[in-house]
Structures are given as C-alpha cells and as structure tokens.
Amino acid sequence: MTSISLLLISMLAGFLGSLLGLGGGIIIVPALTILFKIDIHYAIACSLVSVIATSVGSSGAYVKNRLTNIRLAVILEIGTVSGAICGFLISSWLNAKWLTLLFASFLLFTFVSMLRKKQSIIATKSHPWAEKLNLNSTHTTDSQINSQYHVSQIPLGIFIMYIAGILSAILGIGSGIFKVLAMDHVMKLPFKISSATSSFMIGVTASASAGAYFFRGDIRPELAGPVALGILVGSLIGPKLISKFPTSILKKLFMLILLLAGIQMFMRGLRL
Amino acid sequence: MNKQFNHKFLAAFLTLGSFISGSILLVGFFLGFDLNSDPFIFFESYDPLTLMDLVNVYLRTKNYSSLVMMSGILLLILLPFFRVFILLFQFLFNKEYILSLSCLFIGICILISFYLGLGH
C-alpha cells in the first residue's frame, strides 16, 4: 500500500462523509488499522486532522447560508473542549487493545443509531439561558417558510458535549453523531441546524485534541498529509455531486461498511 | 450584533484557510511522492517520539516533504483556534461579555491542550 492508495481512500471517505453528514474519522481509523495495518495510536491522531479538514471544509458554506447557530455553538464548545482535554489525558492510559475494542463498539453504536429513524420534535419553549444569551433563532423550513426555533435543555446539552469531547479525543473522531443526537433529541433543534452547528463545532473539539497529539509527536505527516489532502478534496467534491448520487443507497452501503469494520475491529481487538 | 459581517467574514476565513492549508499539503505530498515506496511500514507499532525529535529526524534526513506537510497540518489545526479568537473580538465589539468570556475559556482550553501535548 502506498501514499496514493491512502490519498484515494481518504478522498472516498471525505466524499461519503460530506454526502452523509459525517466526519471522515469513522472511515479513516478502520481503513488505517485494517487495510494499512497502522497502529491505532497513529491512526487516531491522524484521523483527528481529517476531522478538522472535514469541519473547516464544510462549515464555511453552512456559515455563509446562515444554517449554523454560532452563538449556541460557542456555549456548547465549553463542554466539548473541556471533554477533549480529559479525553487526551485518558488516552495515555489506554493500550491498543482497549482503544480498538472501544472504537469497534463506537462503530456498532453508529450502525444501530443509523438503523433507528427517530422523528425530530422541535422545542416550543426556550431554556432561560437561551433567552438571556439570545440563542433562539430562525430557519427556513422544507416548505420554504421562515420559522423561529427555540433552544431547550442547555445544561444537559453541555454535559453531552463534554462526553462527546472525551470520545473525540480518545477515538480520533468528530463525535458528530453524539452532537447531532444531543441537539436534535435533547435540545430539540431543527435537524438542519443541529447538523450545521455540529459541523462547525467539530473543528474546535478536534483542534484541542489534535493540537495535543501534534505537540506530542503522534501526528506523522507521512500519514496525516495524504489523509487531510484526500479528505479536503473529497469533501469539496461531495456537495457538488450530491444530486447525481442516490443518498439512500450510499447510506445503506455505508452502514454495511460500518457493520463489517465494527466486527473486524472487534475481532482484531480481542486478538491484541 | 452585526450578523452580516460576522457570517460572511467567518465563512471567507474558513474557506481561505482550508484552501491555503490544502495547497501546502499538496506541495508537500508531491515533493515526497514516490510510487514504489511503502512509508507505512514504520507505523505498524507505536514508537513515541517528541515533536522536536521528529523535526530533527526530518531535518537530518533532509525530508523536506514531511516538514512542508507538517506546516500544512499545523495550519489546519490552528484554524479553529483562530476562529475562536475572531468570535471573541466580534462579541467584545458588540459588548456581549458572557459569549466573549466563553470564547476566552475555549481558547485557553485549546492552549492548555497544546501544552499538555508538549508535556507528555
């Protein structure tokens, strides 16, 4: 396997991630460990760079289109960056076996979450902090109506973001799935707003842990360079081709990859 | 808060930042491009090296492609950190002190995480 194959796999990861609204980490870590036989410590550190690349690449457009609730993102990032610091410290205590098993569990959890389709409920009442900090905003619904939305359960949201930050630093993922779940189901925000705000926040969460891994010397440019480049290109191409690809088929294919990678990593973790 | 300025400026900053870091990574990638080598063989087991050791190895072996890619990666990592400070000044300008303090806290946490990386 050469750098060019890693570049192509990362482009595919960025492309799939941007079409399905996920970061590249969930594809990059299994690809590096299963296909390239890279130690999971390097894979996780490298994956965090890909997470930043996905976030920076996609959040510019979301911010421009006013889908991101920047004020809410700032409040929730308090939880994610604190979690990222704790996660980085915890990661020093975990060996390759536990990291692999934990990652396999995360892949299987993501598979189950994608299998279950929950109906979003939009909050009708705001949390007092949302009123005080002016966090409620408006969005355009599918029927092109400009509608106001409220932000509820902020303290619980910050706590879930703290857990998401820990997982992000330990597993080298953006934890977007937890962030969207928290904003969608707990804080009851419209799905598009949750997904855009999550994408914006992922960069800061990953920056805190990636910075620590970078200064520790765990981010090796021979790995992270082609990965970040591939992800950046893939996430730029994805949105342009979204209309030409049947997202439902891609989603099923992605779920199959998640399941197979989850089982494979679980078996690998048991063997370590 | 002047939302128009905030959104447009932030979006331009993120897009330009990703373009610059992507270009640096591209240059570094092609500087060291070799179709026949397998650079991944060294990463099959974890061998901790400090950042300074790593930079010294690259300088000694004249591995400039890795050094260029390293600077692209560093820029990518710092982009969200700079974005936090853009928001900090934006909120301060609009006298929104709670949100400014939140940004300051986030920025300090990121700096602490960098320091922890150097210390481990």
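See the structure above.
Residues numbered from 1 in each chain as written. Chains lettered and ligands numbered in written order. Predicted model: local features only at pLDDT ≥ 70, side-chain atom pairs only at ≥ 80, totals over all residues. Heavy atoms only, no water.

K.L.:
Provide a residue-level description of the overall build of chain B, including the pertinent values.
P.N.:
Across its full length, chain B carries four helices and zero strands. Secondary structure elements of chain B occur, N-terminal to C-terminal, as α-α-α-α. Compactness check: chain B gives a C-alpha radius of gyration of 19 Å against a globular reference of 14 Å for 120 residues, more than 25% above the reference. Projected onto its principal axes, the C-alpha coordinates of chain B cover approximately 55 × 30 × 25 Å. Taking all 120 residues of chain B together, the buried fraction comes to 42%. Pairs at least 24 residues apart make up 70% of the contacts formed inside chain B by residues separated by at least 6 positions. A total of about 6,700 Å² of accessible surface is found on chain B, and carbon and sulfur atoms cover 72% of it. The distance from the centre of the 6 positive side-chain charges to the centre of the 6 negative ones in chain B is 23 Å. (Helix = DSSP H or I, 4+ residues; strand = E, 2+ residues; numbered from the N terminus. Rg over C-alpha atoms; globule rule 2.2 N^0.38 Å. Buried < 20%, exposed > 50% of the residue type's maximum accessible area, 1.4 Å probe, protein only. Contact = heavy atoms within 4.5 Å. Areas by Shrake-Rupley, 256 points an atom, 1.4 Å probe, with all protein chains shown as cover. Lys, Arg positive; Asp, Glu negative; His and termini not counted. Charge placed at Lys NZ, Arg CZ, Asp CG, Glu CD.)

K.L.:
Lay out unusual backbone geometry in plain terms, naming residues and giving numbers.
P.N.:
Among all residues except glycine, the phi angle is most often negative; among peptide bonds, the trans geometry is most common. The phi dihedral of Lys188(A) is positive, around 55°, even though this residue is not glycine. Mapping Lys188(A) onto the fold places it in the loop between α8 (176-186) and α9 (191-216).

K.L.:
Before we move on, can you summarise the packing of α8(A) against α9(A) with the specific residues and values?
P.N.:
Residues and elements named next belong to chain A. Look at α8 against α9: their axes get within 9 Å of each other, and the N-to-C directions meet at 140°. With respect to their mutual orientation, α8 and α9 come out oblique. At the point where α8 passes α9, the crossing takes the right-handed sense. For the pair α8 and α9, contact is made by Gly176, Lys179, Val180, Met183 and Asp184 and by Phe191, Ser194, Ser195, Thr197, Ser198, Met201, Ile202 and Thr205, respectively. Partitioning the contact of α8 with α9 into residue classes produces five nonpolar, six polar and two charged. (Axes fitted to C-alpha atoms, helices over the stretch in contact; angles between N-to-C directions. Parallel < 35°, antiparallel > 145°, perpendicular 65-115°, else oblique. Left-handed = near helix turned anticlockwise from the far one by under 90°. Nonpolar A, V, L, I, M, F, W, Y, C, P; charged D, E, K, R; others polar.)

K.L.:
Talk me through the environment of Phe89(B); I want residue IDs and the actual numbers.
P.N.:
Residue position: Phe89(B) is located in helix α3 (residues 64-93). Put simply, Phe89(B) and Tyr115(B) are 26 residues apart on the chain and 24 Å apart in space, counted from C-alpha to C-alpha.

K.L.:
Lay out the packing of aromatic side chains in plain terms, naming residues and giving numbers.
P.N.:
Applying the stated criterion across every chain yields a total of 13 aromatic pairs over all chains. Centroid distance Phe214(A) to Phe215(A): 5.4 Å. Interplanar angle 90°. Geometry classified as edge-to-face. Look at Phe214(A) and you get buried, because its relative accessible area is 4%. Between the aromatic rings of Phe81(B) and Phe82(B), the centroid separation amounts to 6.0 Å while the plane-to-plane angle is 50°, which identifies the pairing as tilted. Members of the aromatic cluster, joined through ring pairs, are Phe214(A), Phe215(A), Phe81(B), Phe82(B), Phe85(B) and Phe114(B). In this arrangement the basic side chain of Arg83(B) is found over the ring face of Phe200(A), its NZ or CZ atom lying 3.7 Å from the centre. (Phe/Tyr/Trp six-rings, centres within 6.5 Å; stacked < 30°, edge-to-face > 60°. Lys NZ or Arg CZ within 6 Å of the ring centre and 35° of its normal.)

Just geometry here; none of it tells us what the structure is for.
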